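# Descriptive structure summary
Below are the chains, spelled out letter by letter.
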Amino acid sequence: MTTTPEPRTRGSARTAVATAVALGVPLGALTFALQLTPFGLVANSPAFWAMWGFAAGAIVAAPRAAVLTATGVELLGLVSWYTTSWLTGNFEWSAGGSLALGWGAGALAAGMVFGLAGAWWRTRATTPRLEIATAVPVSVFACAAVYYAFILNYTATATYNAAVALLLLAFLPPANRDRLRAAAAVIPITALGIAGGAAFITFLNAASGT
């Protein structure tokens, strides 16, 4: 015997699918387009992509649906980027095989972490979830700032990422006490992000044979 989903459930599913498509498809195409401009380093960045997952989680709000939607956004963004690179004849950009699978694994991780953070932020989750939800997007830009400043020596891009991190810390928390708690959470989360990022880069280099 089958049951018909309740209207609210169907509506939530439609919202999740629509959000994944509406954010995921332009994410890849926009990233590719911006890579052809002086803003390439801004778009071709895990921090930039992570915020699309965070936005998806905030739109959908329900934690489980937010994780699935944000993961869909990241994966669709990846497919969109590869499709755009092939359609424009830039085959040398479209590394496939194990490297593509590595980026896919990164997209899955980003979708789960930032989708949940977006949902927690949107629903004003209780302590410490709200502080973590705020600190996660701040920390990913802080990690990017450290990477661009000390590994690549790209001062301007590092400054941009640091400025975005400070802006997010200023405007995401709903109250001053939440801001202080989020600021305290940024330090360990950033440290964890740097360690995780280093491991991921090592994995990608191994996958690509470099």
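Please read these numbers as outputs of a predicted model, since none were measured by experiment. Position numbers for residues start from 1 in each chain and track the written sequence from start to end. Side-chain atom pairs in this predicted model are given and counted only at pLDDT of 80 or more, local residue features only at pLDDT of at least 70, and totals for whole chains, interfaces and linings cover all residues. Derived side-chain values reflect all non-hydrogen atoms in the structure, with water molecules and hydrogen atoms excluded from consideration.

## Regarding the confidence of the model for the chain
Formally: Residue-level confidence of the predictor is what pLDDT reports, using numbers from 0 through 100. Two residues qualify as a contact provided that any one of their heavy atoms is within 4.5 Å of a heavy atom in the partner residue.
On average, the chain scores 90 in pLDDT, and the residues at 70 or more come to 91%. Every residue in residues 3-7 scores below 50 in pLDDT, and together they form two contacts with partners more than four places removed in sequence or on other chains.

## Overview of the nonpolar core
Heads up, the rule is: Remark: nonpolar core denotes a set of buried residues (Ala, Val, Leu, Ile, Met, Phe, Trp, Tyr, Cys) joined through side-chain atoms within 4.5 Å. When a residue's accessible area, from a 1.4 Å probe over protein chains only, is under 20% of the maximum for its type it is buried; when over 50% it is exposed; and in between it is partly exposed. Strands here mean DSSP runs of E at least two residues long; helices mean DSSP runs of H or I at least four residues long; both are numbered from the N terminus.
If you look at the biggest cluster of nonpolar residues, it comprises 26 residues, and the most contacted ones within it are Phe54, Phe114, Val138, Val140, Phe141 and Leu168. Elements that contribute at least two residues to this core include exactly helix H3 (46-60), helix H5 (97-122), helix H6 (129-150), helix H7 (155-171) and helix H8 (176-208). Among the elements that line this core, the one with the most residues is H6, at eight residues. Ignoring sequence-local partners within four residues, the contact set of Phe54 consists of Phe114, Ala117, Gly118, Trp121, Ala133, Pro137 and Leu172. Core analysis: the next-biggest nonpolar cluster, separate from the first, contains 10 residues, Leu27, Ala43, Ala56 and Val73 among them.

## So, the packing of aromatic side chains
Each pair of aromatic rings is reported with the distance of its centres and the angle of its planes. What counts is decided by this rule: In this scheme Phe, Tyr and Trp rings, the latter by its six-membered ring, pair at centre separations within 6.5 Å, and the angle between planes marks the pair as stacked below 30 degrees, edge-to-face above 60, and tilted otherwise. In this analysis the charged atom, NZ for Lys or CZ for Arg, is taken to sit over a ring once it is within 6 Å of the ring centre and within 35 degrees of the ring normal.
The final tally for this structure, using the stated rule, is eight aromatic pairs. An aromatic cluster of three or more residues is present, and its members are Phe32, Trp81 and Tyr82. Against the face of Trp121 rests Arg124, its NZ or CZ located 5.2 Å from the ring centre.

## Some points on the side chain of Asn161
By the element assignment, Asn161 lies in helix H7. Here Asn161 is in contact with Ala47, Phe141, Ala144, Ala145 and Tyr148, once residues within four sequence places are set aside.

## Remarks on the packing of H3 against H6
Condition: Note on geometry: axes are lines fitted to C-alpha atoms, helical ones only across the stretch in contact, with angles between N-to-C directions running from 0 to 180 degrees. Note on terminology: angles under 35 degrees are roughly parallel, angles over 145 are roughly antiparallel, angles of 65 to 115 are roughly perpendicular, and the others are oblique. For any pair of crossing helices, the crossing counts as left-handed if the nearer helix is rotated counterclockwise from the farther one by less than a right angle, and right-handed if it is rotated clockwise. Note on residue categories: nonpolar means Ala, Val, Leu, Ile, Met, Phe, Trp, Tyr, Cys or Pro, charged means Asp, Glu, Lys or Arg, and polar means any other residue, Gly included.
In contact at an axis separation of 9 Å, H3 and H6 are set at 165 degrees when each is read in the N-to-C sense. By the criterion of interaxial angle, the relationship of H3 to H6 is roughly antiparallel. For H3 against H6, the interelement crossing comes out left-handed. Seen from H3, the contacting residues are Pro46, Ala47, Phe48, Ala50, Met51 and Phe54; seen from H6, they are Ala133, Pro137, Val140, Phe141 and Ala144. Its residues placed into classes, the contact of H3 with H6 shows 11 nonpolar, no polar and no charged.

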